[in-house]
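Architecture and fold: a report
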Amino acid sequence: MAANKFNGNSDYGIGIGLRIPHYHHIFEHKPTVGWFEIISENFMVDAGRPLAVLDQILERYRVVQHGVSMYFGSAEPLNREHLTRLKKLVKRTKTPWLTDHLCWGSVDGRYTHDLLPMPYTFEAAELTASKIREARDFLEVPIAVENVSSYAEFHVSEMTEWQFLNEVVERADCGILLDVNNIYVSSRNHSFDPYDYLNAVPAERVAQIHIAGHSKFEKYILDTHDHPVIDPVWELYEHAIRKVGATPTLLEWDDRIPSFDEVHAEALKAAKYLPAAVAK
Amino acid sequence: MNLLELQRRMAGAIMAPLGAGDRVTRAASAEVGAILTPNDRLSSTERLEIYAKSYWYRILDGLYDDFPGLRAIVGVRAFDRLSRAYLAEMPSQSYTLRNLGSRLPEWLARHPEYAGKNPALALDIVRLEWAHVVAFDGPEEKVLGPEDLLELTPQMTFRLQPYISLLALEYPVDDLHLRVSQLAEGRGDASNAVMRHRERRAVKRFTMQREAIYVAVFRKDDSVYFRRMTADEFRLLDALRGGKPVGEAIDSVFGESALPVEELRTRIEEWFRSWSEAGWFCYPGGEA
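Summary of the structure given here. (Residues numbered from 1 in each chain as written. Chains lettered and ligands numbered in written order. Predicted model: local features only at pLDDT ≥ 70, side-chain atom pairs only at ≥ 80, totals over all residues.)

Quick word on unusual backbone geometry
Residues and elements named next belong to chain A. For clarity, the threshold we go by: Comment: elements are numbered from the N terminus, with helices defined as DSSP H or I runs of at least four residues and strands as E runs of at least two. Neighbour counting defines burial: a residue surrounded by 20 or more other C-beta atoms within 10 Å of its own C-beta is buried, one with 12 or fewer is exposed, and intermediate counts give partly exposed, using backbone-placed C-beta atoms.
The phi dihedral of K30 is positive, around 45°, even though this residue is not glycine. For K30, the position within the fold is in the loop between α1 (23–29) and β2 (35–39). In this structure K30 comes out as exposed when scored by C-beta crowding, with 10 C-beta atoms within 10 Å.

This is the structure we're talking about:
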C-alpha cells in the first residue's frame, strides 16, 4: 500500500517540513532525514536565495512538494501563472507526487491565503475534480489532495466531509494526503467520530499522511502546527497505518518552531507504527 | 446559491475589515448567517470570526515582516493602522504572500495621512523595502559581462537585470533598513491556521536628517545589497535603463558638463566596468 500510483510508487518513510529556522542546522550537520516536504509557493520564485537553498537540499535529500494555494475548490479557473511556475518547480525537484488541499481560498482574483472549507455539494465535487484533473494533466505528476481542518459548515452541504472527499477523488482519480490531525480537529469541531471518517477513506488512494499538533481553545480546536502530536492523534495514525499500510508520513510544524532535533524526534515517533523497513 | 455566489459572499465576509476588538462587524455577521450553520458551541458569526481573524492576522504579519523600516519610522501602532487600510483597499491578488506589499509604495503615496509625521521619509523607506523584496528573488537574465562590452559604441543600448532597482531618495534610509532588518524574522507561506499576531517587538522609532542619496538595490551571490551612487552615475544608469543609446544617455547627463573629456571618459569607463563586473547588464533580447 505504501507505494501506489498516487505517490509515484515511492517507498518514502518519515519526513519533516523544510523550514527556514532549520536551514543552518541542516547545512552544518547534514542530518539523515528520510525526505523533506517543501511548501511549493515558497520556491516558486524566479531566482535568488530560495532556489539556491533548494538546490543545496536537492543535492542531498529527497523532496516532495506541498502546495497551499492551488485552491482546487475555488469556483474560478486555475491560475495559469501559478501552474506554469509550479511545473517549473516540479521539474527542478523531480517530486514523485505533489499535494495541495481540498479547499478553496480565492474568488474573483482575490486571495485569502487560507484553506477555506468546501460546501459539500455535488456541484462543488465535480468542479473540484475537474480542476484536479486539469492540473495533473498540465503538471504531469500524480496529485494527492489533503483534507483540511475546518471550523465552519455550510447550509448547502449535501453530504459528510468524507463522502465529499470520496466523491472528489473518485471523479478526479487522484490520491489522498490523509491528515489525521485535521480529521481529529474537525471531528472535535463538528462532533463526529474520527474513526468513521478514517474507515470511509479509500485506502488504495492514500499517497501520504500528515501528522501535526494543534491548539485547544474554549469552544473549538485550531490547526496551528505549533505543538507536538497528541496521543489521540497518534492513535488515529496507528489506525490509519493499519488500514492503509505503511505510507510516507510527514510531521508539520509551522509556528513556534523548536530546534531541528526536536522536530525530527517528534516525527520519528511515527516509526513505532511503521514496519522497520520503511521507518527511516 | 451556487458555488461562485457562496464563495463571493463568504470571502466578502472574511475579508471585510475587522471591527472593534478585532470582532467581525454586524454587516459581515448578517451576511454569513445565510451561509454558515451554527453548532452547539459556536454561532455562525463566531465561526466566521475564526476565519476572519486568521485572514487578517496572516496578511498583517506578512506586511510586518517585509517592512521593518517603515514600522520603525511610523511606529508599530500606526503601522498596524496603515496595514489594515492598505490591505482593505488592496487585497492580495497573488497566490503568494511574497507579493503582498507590491502596491504599498504607490498606495502610500496616495495616502500620506498614513505615512506618519514625515511622509517623504516613509515613502523613501517603503520604496527601498519593496526593492529589497524584488532583489531577493526577482528574475535574473543572462549576464552581459565585461567581455561583451569591449567595443562600446554610442548606438548600443542596454537592459538592466530585472531584480535591480534604482532609487533617488531624500533620506539615507539604506542605513536605517540595515539597522532594523537585523531584528526581522524569516517567514514563508504555510498551511497552519493563525489566531494571533506574532509578537510585536517594541522597536525604537527612528527619525533622520534629510540627505539626498542615490541607491542601487541589487543581488549578488544570493544576498541583497544597497550600493550608493553619485547623482551622475545614477542618472546615466537610469537613462540606460530607460532605453536610451549610450551616446544619448551620456549626452543627457554630461551635455553641459565642464569636466575635461579625458576625465569624463575615465569616469564613465570605470562605471561601465563596475556595472558589468557586477552582472547588472543583461542581453537586449532578454535571452535567459
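Now that the structure is up, let's keep going.
Remarks on the sheet that holds strand β9 (residues 206–212) of chain A
All names here are of chain A. What counts here: Paired strands are those between which DSSP finds at least two bridges. For helices, the fitted line uses only the C-alpha atoms of the stretch in contact; every axis is such a line through C-alpha atoms, and the angle between N-to-C directions lies from 0 to 180 degrees. Contact definition: two residues whose C-beta atoms, as placed from backbone geometry, lie within 7 Å.
Spatial ordering of the closed barrel is given by β1-β2-β3-β4-β7-β8-β9-β12, a layout of 8 strands whose pairing is parallel. Pairwise comparison of adjacent strand axes, ignoring direction, gives a mean angle of 30° for this sheet. Pairing of strand β1 (residues 14–17) with strand β12 (residues 249–252) involves 3 bridges; the strand directions are parallel. Of the residues in β12, the one forming a bridge with I14 is T249. Most of the contacts of helix α8 (residues 231–244) go to β9, to which it runs at about 170°, and overall it touches β8 (175–179) and β9.

As for helix α3 (residues 80–93) of chain A
Residues and elements named next belong to chain A. Rules: What a helix should span is 1.5 Å times the count of its residues minus one. Working definition: the arc comes from the directions between the helix axis and the C-beta atoms, pointing outward to the latter.
For α3, with 14 residues, the first-to-last C-alpha span of 20 Å sits near the 20 Å given by 1.5 Å per residue. Among the residues making up α3, those that are buried are H82, L86, L89 and T93. Buried residues along α3 cover an arc of 60° about the axis, so they all sit on one side. Turned more than 90 degrees from where α3 packs its buried face, R80, E81, T84, K88 and K91 sit exposed. Next to the buried residues of α3 lie α2 (49–60), β3 (63–66) and α4 (122–139). A positive phi of about 55° marks K94, the residue just after α3.

Re the interface of chain A and chain B
Stated precisely, the cut-off is as follows: In this classification, Asp, Glu, Lys and Arg are treated as charged, Ala, Val, Leu, Ile, Met, Phe, Trp, Tyr, Cys and Pro as nonpolar, and every other residue, Gly included, as polar.
In this complex, chain A contributes 51 residues to the contact, which on the side of chain B involves 45 residues. Of all the secondary structure elements, the ones that give two or more residues to the side of chain A that touches chain B are α2, β5 (104–107), β6 (110–116) and α4 of chain A. The element that contributes the greatest number of residues to the side of chain A that touches chain B is β6(A), accounting for 7 residues. Residues of the side of chain A that touches chain B, tallied by class, amount to 23 nonpolar, 15 polar and 13 charged.

Here we look at the sheet that holds strand β3 (residues 213–220) of chain B
Residues and elements named next belong to chain B. Pairing is antiparallel in the open sheet, where 3 strands are placed in the order β2-β3-β4. This sheet does not close on itself; its edge strands, each paired only once, are β2 (165–169) and β4 (223–229). Across this sheet, the average inter-strand angle for adjacent strands is 25°, counted without regard to direction. Across the sheet, helix α7 (residues 119–137) lies against β2, β3 and β4, angled at about 165° from β2, the strand it touches most.

Focus: the nonpolar core
Here is a general trend for soluble globular proteins: nonpolar side chains tend to be buried in one another's company. Condition: Each nonpolar core consists of buried Ala, Val, Leu, Ile, Met, Phe, Trp, Tyr and Cys residues. Their C-beta atoms, within 7 Å, join them into a set.
Of all hydrophobic cores here, the largest spans 164 residues; its most connected members are V145(A), I176(A), V180(A), A122(B) and V217(B). Examining the composition of this core, we find that 11 residues originate from one element, α7(B), more than from any other.

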